[in-house]
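Take a look at the letters that make up each chain.
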Amino acid sequence: MAAVEFQHVAGLRPGDPRIAAARATLLQGEHLSQEQGVPLFDAPLLELGRLANAMARDRHGDRVYFTVNRQLNPTNVCVLACRFCDYAKKPGAEGAYTMTREQIEAHVEPGISEIHIVGGLHDRWRFDDYLNVIRWVKAKKPDLSVKAYTAVEIDFFCRLTKKPAEWVLTELRAAGLDALPGGGAEVFSERVRREIFQQKIGAQRWLEIHEIAHALGIPSNATLLYGHIETRAERVHHMILLRGLEQRAPGFFAFIPLAFQPGVTGLVRRQASAIEDLKTIAISRLVFDNVPHVKSYWIMLGQDTAGVALNFGASDMDGTIGQEKIAHAALARSPVGMAEAGMVHSILEAGKIPVQRDALYRVVREYGPDGEPFAARGANGAERSPAVDSDAGDSDAGDAQAANSDAARRDVATRAAG
Ligand code: SF4
């Protein structure tokens with residue numbers, strides 16, 4: 001990743017000593033420590049947001065990325081029973097479903113550039129069934145970027161086939177996989193894992209699988225599921241472990257803090273507040289400083305908070321999604337699917353510049369202040385906006401990682417399949 005010049009960060013003069021210390025650390029080219037990160041949760045919200053926003057602007061100018069994508073959850077049948085999951089069903093239970101080939105192919109809509117595939121750990125599917133899902137969508141639209149299967153699913157495939165992760169990932173790539181989503185990480189805390197997802201892989205295996213993927217040239221995302229029984233210190237520790245992996249084996253496109261949807265789990269009474277959401281996003285930007293993007297995942301934040309987060313360090317709004325099942329099984333309040341125009345509107349409303357990307361963060365089109373894509377305006381003879389042109393050198397926009405693909409990094413479904 002190209003070195004980032006902290007012009008906007010340098011221009012700030014924070015009054016709060018915790019934020020001033022964080023700024024000084026970043027300007028020295030150093031990472032924030034656990035001891036610096038945790039107290040930021042008690043720092044003034046707007047000042048914290050200003051520093052995170054400055055950091056995002058130093059990377060991306062005012063650009064905010066999104067994709068026109070579709071989420072595909074081929075089955076909710078799962079052999080595990082994570083306590084926080086409202087999505088999974090036991091085999092044969094009421095509401096359990098497994099899609100047919102036709103249903104899977106129907107998700108490949110003409111206008112999408114990315115498909116995001118995650119689901120349950122099916123009791124009767126073989127590895128070949130999971131490979132077929134990728135083969136079918138890729139056959140229907142060969143230029144589609146496929147971001148599929150979390151580390152939890154990859155580990156499950158290893159156990160199904162009795163093969164190492166290198167082999168499983170190589171087979172998936174041969175079928176058409178472009179990137180891994182970031183789900184299944186939850187919170188890297190053994191205490192939390194024992195409490196609410198003890199059957200699921202822990203930090204060590206999740207990090208190992210993503211490290212192997214990155215070494216094979218398969219990019220990925222990383223998530224954090226917050227707002228349940230974890231502590232703020234555990235959130236920061238989680239970010240620092242991911243930051244360490246990115247240093248050892250670069251390949252993350254984005255970090256996605258996922259606001260836990262209480263649903264009917266009974267774990268907590270209500271979702272984290274918008275203030276807690278914004279602080280978590282801002283601190284993510286500051287602590288996990290070597291990943292290109294922090295996402296404002298509107299499905300779980302809701303459209304309003306997700307829009308505000310674009311001025312708190314987030315530089316990606318994920319995608320239009322289509323029909324999302326996992327968060328909505330947990331009663332997420334966001335609309336099911338956000339049309340492209342709505343996404344552009346939300347980004348413009350935040351005072352940012354919408355940029356549509358594909359799964360590998362290759363720019364599909366940019367939009368002007370009127371919400372019209374430049375490609376269309378160009379066809380009518382209109383000129384590009386200087387505001388956008390001035391960001392053309394943005395170190396991440398055309399990032400070399402595009403060569404790999406990033407789509408990788410997102411994920412929502414985190415909760416599913418981990
Ligand atoms: S979170 Fe994933 S692994 Fe756990 S029960 Fe739900 S679908 Fe299964």
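This text follows the structure it describes.
Residues numbered from 1 in each chain as written. Predicted model: local features only at pLDDT ≥ 70, side-chain atom pairs only at ≥ 80, totals over all residues.

**Student:** Please explain the overall build of the chain as it appears in this structure.
**Tutor:** Scanning the chain from terminus to terminus reveals 18 helices and ten strands. Counting all 418 residues of the chain, 54% fall into the buried class. (Helix = DSSP H or I, 4+ residues; strand = E, 2+ residues; numbered from the N terminus. Buried ≥ 20, exposed ≤ 12 C-beta atoms within 10 Å, placed from the backbone.)

**Student:** Is there a simple way to explain the packing of helix 2 (residues 17–27) against helix 4 (residues 45–60) in this structure?
**Tutor:** A pair of packed helices is characterised by two quantities: the angle between their axes and the separation of those axes. Two elements in contact, helix 2 and helix 4, have axes whose closest approach is 10 Å; the angle formed by their N-to-C orientations is 10°. On the basis of their axis angle, the class for helix 2 and helix 4 is roughly parallel. Residues I19, A22 and R23 of helix 2 lie in contact with helix 4, whose contacting residues are E47, L48 and L51. Residues belonging to the contact of helix 2 with helix 4 are distributed by class as follows: four nonpolar, no polar and two charged. (Axes fitted to C-alpha atoms, helices over the stretch in contact; angles between N-to-C directions. Parallel < 35°, antiparallel > 145°, perpendicular 65-115°, else oblique. Contact = placed C-beta atoms within 7 Å. Nonpolar A, V, L, I, M, F, W, Y, C, P; charged D, E, K, R; others polar.)

**Student:** Please explain the nonpolar core as it appears in this structure.
**Tutor:** Grouped burial of nonpolar side chains is what soluble globular proteins tend to show. Formed by 113 residues in total, the largest nonpolar core has its most connected members in L51, F255 and L286. When sequence neighbours within four positions are dropped, the list of residues in contact with F255 reads A222, L242, S284, F288, V291 and V294. (Core = buried A, V, L, I, M, F, W, Y, C linked by C-beta atoms within 7 Å.)

**Student:** Teacher, can you tell me more about helix 2 here?
**Tutor:** Within helix 2 the residues assigned to the buried category are I19, A22, R23 and L26. With its buried residues spanning 100° around the axis, helix 2 presents them on a single face. Where the residues of helix 2 are buried, they touch helix 1 (7–10), helix 3 (34–37), helix 4 and helix 12 (274–287). (Arc of directions from axis to C-beta.)

**Student:** Got a minute to help me understand the sheet that holds strand 1 (residues 63–67) in this structure?
**Tutor:** Adjacent strands of a sheet pair through backbone hydrogen bonds, lying either parallel or antiparallel. An order of 8-1-9-10 is seen for the four strands of this open sheet, with the pairing classed as mixed. Each edge of the open sheet is held by one strand with a lone partner, namely strand 8 (316–319) and strand 10 (363–366). Strand-to-strand twist of the sheet, defined as the mean angle between neighbouring strand axes without regard to direction, takes the value 25°. (Pairing = 2+ DSSP bridges.)

**Student:** Any chance you could explain the environment of H214 here in plain terms?
**Tutor:** Counting through the fold element by element, H214 comes out in helix 10 (residues 203–215). Judged by C-beta crowding, with 21 C-beta atoms within 10 Å, H214 ranks as buried. In the structure, H214 is positioned 36 residues away from P250 in sequence and 6.5 Å away in space, judged by C-alpha atoms.

**Student:** How should I be thinking about the packing of helix 4 against helix 12 in this particular structure?
**Tutor:** It is the contact of helix 4 with helix 12, at a shortest axis distance of 9 Å, that shows an interaxial angle of 40°. Classified by the angle their axes make, helix 4 and helix 12 are oblique. Between helix 4 and helix 12 lies a crossing whose hand is left-handed. Residue-level contacts link L45, L48, G49, L51, A52, M55 and A56 of helix 4 to I275, L278, K279, A282, R285 and L286 of helix 12. A class-by-class count of the residues in the contact of helix 4 with helix 12 yields ten nonpolar, one polar and two charged. (Left-handed = near helix turned anticlockwise from the far one by under 90°.)

**Student:** Quick question: what am I supposed to make of the sheet that holds strand 3 (residues 114–117) here?
**Tutor:** Here three strands make up an open sheet; going across it, the order is 2-3-4 and the pairing parallel. Edge positions in the sheet fall to strand 2 (69–72) and strand 4 (145–148), since each of these pairs with one other strand and no more. When strand polarity is set aside, the average angle formed by the axes of neighbouring strands in this sheet is 20°. Bridge count for strand 3 against strand 4 is four bridges, and the pairing is parallel. Considered in strand 4, the bridge of I115 is made with V146. Contacts between helix 6 (residues 127–140) and the sheet are confined to strand 3 and strand 4, with strand 4 contributing the most and set at about 160° to the helix.

Everything listed here is a matter of coordinates, which is why it stays silent on function.
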